[in-house]
Amino acid sequence: CLKLLLLLQIQFANAEDKQEFQKYPTKAGRRSLSRSISQSSTDSYSSAASYSDSSDDETSPREKAQANSKGSSDFCVKNVKQAEFGRREIEIAEQDMSALISLRKRAQGEKPLAGAKIVGCTHITAQTAVRHLPPPLSLSPTGVPVFAWKGESEDDFWWCIDRCVNTEGWQANMILDDGGDLTHWVYKKYPSVFKKAQGIVEESVTGVHRLYQLSKAGKLCVPAMNVNDSVTKQKFDNLYCCRESILDGLKRTTDVMFGGKQVVVCGYGEVGKGCCSALKALGAIVCITEIDPICALQGCMDGFRVVKLNEVIRQMDLVITCTGNKNVVTREQLDRMKNGCIVCNMGHSNTEIDVASLRSPELTWERVRSQVDHVIWPDGKRVVLLAEGRLLNLSCSTVPTFVLSITATTQALALIELFNAPEGRYKQDVYLLPKKMGKTMEDLIDKNVNKYCRY
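Our subject in this report is the structure included herewith. (Residues numbered from 1 in each chain as written. Predicted model: local features only at pLDDT ≥ 70, side-chain atom pairs only at ≥ 80, totals over all residues. Heavy atoms only, no water.)

1. What about the overall build of the chain?
So the rule is basically this: Here a helix means four or more residues in a row that DSSP labels H or I, a strand means two or more in a row labelled E, and each is numbered from the N terminus. Only protein chains enter the calculation, and the probe is 1.4 Å; a residue is then buried if its accessible area is under 20% of its type maximum, exposed if over 50%, and partly exposed in between. Accessibility throughout is a Shrake-Rupley quantity obtained with a 1.4 Å probe, and a residue counts as covered only by protein chains that appear here.
The helix and strand tally for the chain stands at 19 helices and 13 strands. Classification of the 455 residues of the chain by burial places 60% in the buried group. Carbon and sulfur atoms make up 51% of the accessible area of the chain, which amounts to about 19,100 Å² in all.

The structure is reproduced here in structure tokens:
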């Protein structure tokens, strides 16, 4: 029984004419979240097989007529018949998410989000299900509408977002975002939503950057909570989650041996630190690129050579981006890579690698396996591109449940704080999680420490 689900009343809903989306630009660089819903971490090899074995797998979910056990068709997923399978994945995830389970039990009596109507655009996984909703193949029987499936096109992605926002007889009063695309769409298409909205909770680097831009320009209409820069998100999710999932994603897609491989990691923030630590431990020869002098010095003192990408690109066996910026790896650098070089992204958006430039007539794309493409140059050189530049861990592997429990709990606390804040406490600006909520988070983490650590 998902009690927090009942408290949050998360709603994903109705439609607008599809033709509106044909007008929206489809350049890959214009959005940062398509990797999150279309390439969610439910795509582990074990679960992907069960998700896609349906005989009508090639049919777009938008063209299917589906209904859940209650007769509702207010959702769009790949195959609603797999709901029970999704429920079992949630039960596995719950076993290692004690912080979130503790918060859920605490909230049963207080019901701090009673009356909240939350529209969300985030990773649809078993872990986020424990926070608020079941993953796509398990939610229809619960009566919670969701619009998400593996393999969404650009048009599908924006269609799903619109179905979440444009709902007859229902309007969100809270926004839960991961990357800023939902917030962007509401500003562009449905600005009236902000008249009733009490706040935005954003967990990603890119999404927070977008919010600060809006605030600086005087265009932020409601208070926003910056979850990404909270200690719990930075020190646990960004570091430890990536430290484990980078190896998982690379092994599942390429079966590469890391020992002796020349690797360059672009960016030495918390994500880059986690990736470098894991690769170095398995014997890879790791160097880093970094523009921030403090982070660059940290990398140097951790034993990594700090380089310029242009100077080492020809020698690298593996190139990993971890910055959250765009065009970190350019077409010119892709042209100079050696045959067989593996390129992937562990940052935030799908714009770090200039994938759009690779979709040119002189280059040939060859699908090797799910999420693995060979991009072939006229001279026969092949570059191995993973997940088409989207997030490697969310596209090609799974992510550690325990760490995500901490991040999801932080998001839930941010929602509670914004929704219950007295009028006037928060202005139309971007805020960090207040200290009192941080103390609540510390108490919940302390229970995890007692569970996992033996003194």
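2. A word on the sheet that holds strand β2 (residues 174–177)
How we decide: A pair of strands is treated as paired once DSSP finds two or more bridges between them. In this analysis an axis means a line fitted to C-alpha atoms, helices contributing only their contacting stretch, and an angle means the value between N-to-C directions, from 0 to 180 degrees. Contacts are assigned to residue pairs with any non-hydrogen atoms lying within 4.5 Å of each other.
On the basis of which strands lie adjacent, the open sheet formed by five strands has the order β1-β2-β3-β4-β13 and parallel pairing. The outermost strands of the open sheet, each flanked by one partner alone, are β1 (118–121) and β13 (430–432). Across the sheet, the mean angle from the axis of one strand to that of its neighbour is 20 degrees, orientation sign disregarded. Across the sheet, helix α10 (residues 181–189) touches β1, β2 and β3 (200–202), and the angle it forms with β2 is around 135 degrees. Where helix α11 (residues 205–216) meets the sheet, its contacts fall on β3, β4 (224–226) and β13, and the angle it forms with β3 comes to roughly 135 degrees.

3. As for the packing of aromatic side chains
The following threshold applies: For this analysis, a ring pair means two rings from Phe, Tyr or Trp (six-membered ring only for Trp) whose centres lie within 6.5 Å, classed as stacked if their planes differ by under 30 degrees, edge-to-face if by over 60, and tilted for the remaining angles. Here, a charge over a ring means that NZ of Lys or CZ of Arg falls within 6 Å of the ring centre while also lying within 35 degrees of the ring normal.
Using the criterion set out here, one finds eight aromatic pairs in the structure. An angle of 40 degrees between the planes, with centres 4.3 Å apart, marks the rings of Y187 and F194 as tilted. Accessibility expressed as a relative area gives 6% for F194, which makes it buried. The rings of F147, W149 and W159 are connected pair by pair, giving a single aromatic cluster. We note K280 situated over the ring of F304; from NZ or CZ to the ring centre the distance is 5.0 Å.

4. Some thoughts on the sheet that holds strand β9 (residues 342–345)
In spatial order, the strands read β7-β6-β5-β8-β9-β12-β11-β10; together these eight strands make up an open sheet with mixed pairing. Where the open sheet ends on each side, the last strands, each with one partner, are β7 (305–306) and β10 (364–369). By the bridge criterion, five bridges tie strand β11 (residues 372–376) to strand β12 (residues 382–386) in an arrangement that is antiparallel. Paired with I376 across the strands is R382, a residue of β12.

5. So, the pattern of salt bridges
This is how the line gets drawn: A side-chain nitrogen of Lys or Arg and a carboxyl oxygen of Asp or Glu constitute a salt bridge if their distance falls within 4 Å.
If you walk through the whole model with that rule in mind, you get 14 salt bridges. Two residues, D255 and R369, come together in a salt bridge whose shortest N-O distance is 3.3 Å. Pair noted here: D255 is in the loop between α12 (231–254) and β5 (262–266) and R369 is in strand β10, with a separation of 114 residues, a long-range link. Here D255 falls in the exposed class, since its relative accessible area comes to 54%. Note that R382 and E366 form a salt bridge whose closest N and O atoms lie 2.8 Å from each other. Taken as a pair, R382 in strand β12 and E366 in strand β10 lie far apart in primary sequence, 16 residues in all. We classify R382 as partly exposed; its relative accessible area is 29%. Residue E366 is classed as partly exposed on the basis of its relative accessible area of 34%. Three or more residues joined by partner-sharing salt bridges are found here, namely R359, R367, D373 and E388.

6. Quick word on the nonpolar core
In a soluble, globular protein the nonpolar side chains are often hidden away together inside. Our working rule: Put simply, buried Ala, Val, Leu, Ile, Met, Phe, Trp, Tyr and Cys residues joined by side-chain atoms within 4.5 Å make one nonpolar core.
The biggest cluster of nonpolar side chains holds 30 residues, and the ones touching the most others in it are I246, L250, V265, L279, I320 and M346. Counting residues per element, this core draws most heavily on helix α13 (residues 270–281), at five residues. The residues contacting V265, other than those within four sequence positions of it, are G272, C276, L279, V286, C287, I288, T289, I320 and C322. Counting 29 residues, the second-largest nonpolar core is a separate cluster that includes W170, I175, F194 and V222.

7. Quick word on unusual backbone geometry
Non-glycine residue N327 carries a positive phi angle of around 55 degrees. Of note in this structure, A387 is not a glycine but carries a positive phi near 55 degrees. For A387, a relative accessible area of 0% gives the class buried.

8. Considerations on the environment of V265
Topologically, V265 is positioned in strand β5. Each C-alpha atom, one on V265 and one on V306, is 9.8 Å from the other, the two residues being 41 residues apart in sequence.

9. Describing α13
Owing to its 3.6 residues per turn, the α-helix brings residues three or four apart onto one side. The criterion, for reference: Each residue after the first adds 1.5 Å to the expected span of a helix.
Its 12 residues give α13 an end-to-end C-alpha distance of 17 Å, which sits within 8% of 16 Å, the value for a rise of 1.5 Å per residue. For α13, every residue scored as buried is listed here: E270, V271, G272, K273, G274, C275, C276, A278 and L279. Summarising the contacts, the buried residues of α13 are in contact with α12, β5, β6 (285–289), α14 (293–301) and β8 (318–321). Phi turns positive, to about 95 degrees, at G283, one or two residues after α13.

Limitation: the analysis is restricted to geometry and does not speak to function.
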